[in-house]
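# Secondary and tertiary structure notes
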Amino acid sequence: ELQLDQYPDETSWELWDDTSYSLVARQKFSTSERSVDEPFLDDANQTLYIEPFFTQFFEICVEPGAYLFSLYDYLHDGIDCGNPSGCYKIFSDDELMFGGYPFTGSKI
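Note on numbering: residues in each chain are counted from 1, in written sequence order. Two thresholds apply to this predicted model, a pLDDT of at least 70 for residue-level local features and 80 or more for giving and counting side-chain atom pairs, whereas whole-chain, interface and lining totals are computed over all residues. Hydrogens and waters are ignored; side-chain quantities use all the structure's heavy atoms.

So, on to the pairing of strand β9 (residues 95-99). At least two bridges found by DSSP between two strands are what make those strands a pair. Helix numbering and strand numbering both begin at the N terminus, where a helix is a DSSP run of H or I of at least 4 residues and a strand a DSSP run of E of at least 2. Inspection of the sheet shows strand β8 (residues 87-92) paired to β9 by four bridges, in the antiparallel sense. Bridge pairing in β9 links lysine 89 to glycine 99.

Here it is in structure tokens:
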């Protein structure tokens, strides 16, 4: 779960297989020049166009193993869980593994 703050253009994430060092999934975000009633995905550049404060719920099924999740904020001012900012939560089989805390850096 990822709740974006008022600057979603600054945020992206990646999931890497920590054994093979291969990219499993990634997502970039951008606001649109026009109003976005529903989020839409531009597959060509893997960008999800959304409104600020959008909450993304996504599920990625992977084989058992070690993975690295990276969350980026390009201006290095992060997102945080206070209103009206953002936050992140990572679950495994419905169990909260980490997240929900202020993210103030550029990578997890």
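Next up on the list: unusual backbone geometry. We note that tyrosine 21 has phi near 60 degrees; this positive angle belongs to a residue other than glycine. Its location among the elements puts tyrosine 21 in the loop between β2 (11-17) and β3 (23-30). One non-glycine residue with positive phi stands out, namely aspartate 94, at about 65 degrees. With respect to the helices, strands and loops of the structure, aspartate 94 is situated in the loop between β8 and β9.

Further remarks concern the confidence of the model for the protein chain. Each residue gets a pLDDT score, which is the predictor's confidence in that residue and runs from 0 to 100. For the protein chain, per-residue confidence averages 75 on the pLDDT scale, and residues scoring 70 or more make up 72% of the total. The lowest-confidence element of the protein chain is strand β4 (residues 40-42), averaging 56 in pLDDT; the highest-confidence one is β2, averaging 87.

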